[in-house]
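Tertiary structure, described
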Protein chains: 2
Amino acid sequence: MTGPTHQLSIRIDLASGGRIGPGKVALLEEISRSGSISAAGRAMKMSYRRAWQLVEDLNRNFGNPLVETAAGGAGGGGARLTEAGWTLVRQYRAMEQAASKTAHPHLTVLDGIVARKAEKDPV
Amino acid sequence: MTGPTHQLSIRIDLASGGRIGPGKVALLEEISRSGSISAAGRAMKMSYRRAWQLVEDLNRNFGNPLVETAAGGAGGGGARLTEAGWTLVRQYRAMEQAASKTAHPHLTVLDGIVARKAEKDPV
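Anyway, here's the lowdown on the structure attached to this text. Just so you know, these numbers come straight off a predicted model, no measurement behind them.

**Observations concerning the overall build of chain A**
When you go through chain A residue by residue, the secondary structure sums to six helices and four strands. Going from N to C terminus, chain A has its helices and strands arranged as β-β-α-α-α-β-α-β-α-α. Among the 123 residues that make up chain A, the fraction classed as buried is 44%.

**A short note on the relation of the copies chain B and chain A**
With an RMSD of 0.0 Å, chain B superimposes on chain A once it is rotated by 180° and translated 0.0 Å along the axis. Classification of the inter-copy transformation places it as that of a two-fold axis. Comparing contact sets, 100% of the residues at the interface of chain B also lie at the interface in chain A, consistent with an isologous, same-surface contact.

**Side note on the environment of serine 16 of chain A**
Residues and elements named next belong to chain A. Relative to the assigned elements, serine 16 resides in the loop between strand E1 (7–13) and strand E2 (19–20). When the C-alpha positions of serine 16 and histidine 106 are compared, they lie 31 Å apart, and in sequence the two are 90 residues distant. A polar contact of 2.7 Å, which involves the side chain of serine 16, links it to the backbone oxygen of asparagine 61.

**A short note on the sheet that holds E1 of chain A**
Overall, antiparallel pairing links the four strands, which are arranged E2(A)-E1(A)-E1(B)-E2(B) in an open sheet. Two strands lie at the open edges of the sheet, namely E2 of chain A together with strand E2 (19–20) of chain B, each paired on one side alone. Here seven bridges tie E1 of chain A to strand E1 (residues 7–13) of chain B, and the two strands are oriented antiparallel to one another. Residue pairing for E1 of chain B: serine 9 of chain A is matched across the bridge by arginine 11 of chain B. Sitting on the sheet, helix H5 (residues 83–111) of chain B touches E1 of chain A together with E1 and E2 of chain B, and the angle it makes with E1 of chain B is about 135°.

**Digging into the pairing of E1 of chain B**
Two faces, one strand: in a regular strand the side chains alternate between the faces of the sheet. Residues and elements named next belong to chain B. Counting buried positions over the seven residues of E1 gives five, a clear majority of the element. Both E1 and E2 contribute to a ladder of two bridges, which runs antiparallel. Its bridge partner lying in E2, isoleucine 12 is registered against isoleucine 20. Turn length for the E1-E2 hairpin, with the two strands adjacent in sequence and antiparallel, is five residues, and the turn residue glycine 17 shows positive phi of about 95°.

**Here's the deal with helix H1 (residues 22–34) of chain B**
Residue and element names in this part refer to chain B. Over its 13 residues, H1 runs 18 Å from end to end, which matches the ideal 18 Å to within 8%, given 1.5 Å per residue. All buried positions along H1 are accounted for by Lys24, Val25, Leu27, Leu28, Glu30 and Ile31. At its buried positions, H1 is contacted by E2, helix H2 (37–43), helix H3 (48–62), strand E3 (67–69), strand E4 (79–81) and H5. In the stretch just after H1, glycine 35 is the one whose phi turns positive, near 70°.

**Overview of the interface of chain B and chain A**
It is common to report an interface's size as the accessible area lost on association of the parts. Of the residues lining the interface, 36 residues belong to chain B; the matching set on chain A comes to 36 residues. For the pairing of chain B and chain A, the buried interface totals around 3,300 Å² over both sides, and the portion due to carbon and sulfur atoms is 65%. Remark: the boundary between chain B and chain A carries zero salt bridges. Our count for the chain B to chain A interface comes out at ten residue pairs in polar contact (both at pLDDT 80 or more). Looking at the side of chain B that touches chain A, the elements with two or more residues in it are E1, H3, H5 and helix H6 (117–120) of chain B. The element that contributes the greatest number of residues to the side of chain B that touches chain A is H5 of chain B, accounting for 14 residues.

**Remarks on the packing of helix H1 (residues 22–34) of chain A against helix H5 (residues 83–111) of chain A**
All names here are of chain A. Across the interface, H1 lies against H5 with an axial gap of 10 Å and an inter-helix angle of 130°. Taken together, the axes of H1 and H5 lie oblique to each other. At the point where H1 passes H5, the crossing takes the left-handed sense. Between H1 and H5, the contacting residues are Pro22, Val25, Ala26, Leu28, Glu29 and Ser32 on the first element and Trp86, Leu88, Val89, Tyr92 and Arg93 on the second. For the contact of H1 with H5, the class distribution of residues is eight nonpolar, one polar and two charged.

What counts, and at which threshold
Position labels on residues start from 1 in each chain and follow its written sequence. As a convention, the first chain written is A and the first ligand written is 1, with the rest following in written order. For this predicted model, a pLDDT threshold of at least 70 governs which residues receive local features, and a threshold of 80 or more governs which side-chain atom pairs are given and counted, while totals over whole chains, interfaces and linings are taken from all residues. Computation of side-chain values: all heavy atoms of the structure, hydrogens and water removed. Put simply, DSSP H or I for four residues or longer makes a helix, DSSP E for two residues or longer makes a strand, and each gets a number counted from the N terminus. Three exposure classes are used, based on accessible area relative to the maximum for each residue type with a 1.4 Å probe and protein chains only: buried under 20%, partly exposed in between, and exposed over 50%. Least-squares superposition aligns the copies on the C-alpha atoms of those residues with pLDDT at or above 70 in both. Only heavy atoms matter for contacts: two residues are in contact if any of them lie within 4.5 Å across the pair. N or O atoms closer than or at 3.5 Å make up a polar contact, with two conditions inside protein: a donor-capable atom paired with an acceptor-capable one, and, for residues adjacent in sequence, both atoms drawn from side chains. Strands are treated as partners if at least two bridges between them are detected by DSSP. Helix axes are fitted only over the stretch in contact, all axes being lines through C-alpha atoms; the angle between N-to-C directions runs from 0 to 180 degrees. Here, expected helix span is obtained from the residue count minus one, scaled by 1.5 Å. Here the buried area means the combined drop in accessible surface, using a 1.4 Å probe, for two parts upon being joined, counting both sides. Just to be clear on terms, a salt bridge is a Lys or Arg side-chain nitrogen sitting within 4 Å of an Asp or Glu carboxyl oxygen. Roughly parallel means an angle under 35 degrees; roughly antiparallel, over 145; roughly perpendicular, 65 to 115; everything else is oblique. Left-handed describes a crossing whose near helix is turned anticlockwise from the far helix by less than a right angle; the clockwise case is right-handed. Here the term charged refers only to Asp, Glu, Lys and Arg, the term nonpolar to Ala, Val, Leu, Ile, Met, Phe, Trp, Tyr, Cys and Pro, and the term polar to all other amino acids, Gly among them.

And the structure:
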């Protein structure tokens, strides 16, 4: 037994409206890694249009840019996280880690009420 | 200042597939309160069909019934949570409360990067 394999994730509903979840945070991390909104979108199997829309939503919901793009325009220039963008990513991952830690004993209890697939299909 | 007003919520991705979030847990609580899947659906402004579908999804994903219906059929008889259903609700709410507590200082940090609407529209 290696403990529960259920996974906890978190969402933040901002007071200003808008929601932050694992998808947007992963997109910010990919933008940081690749230096490009379009490359980050590709890595996450979303269209450039969708990736750009999510970045615009984030910037608008925070009222501060989380991603800034270099000269060259939307498609051409590079992109990187602002200090606010980094703060969001760090705080989100810290919350997620703390939440998963506190959830662990509860997820183990859930194991007791989830039928194992192996018990139903003992192939 | 009364601290952050951002709200954290949690989702559980079960090892068996399926996801538990605040909507399904609230539905279970409403079923318990009202003794009826259709009344619970109405209270949550969803169709009877949708409420029933969610209950079926839950029962299937856990491989154990979380809701049991009394004689009288899908529409006629009453419904109540099983012990497994209660366990899920209790564990979920405990995880949510613990996660919100550990998140509090991080949400306060996020306050520092979210522009207040009042600052932008000082009407």
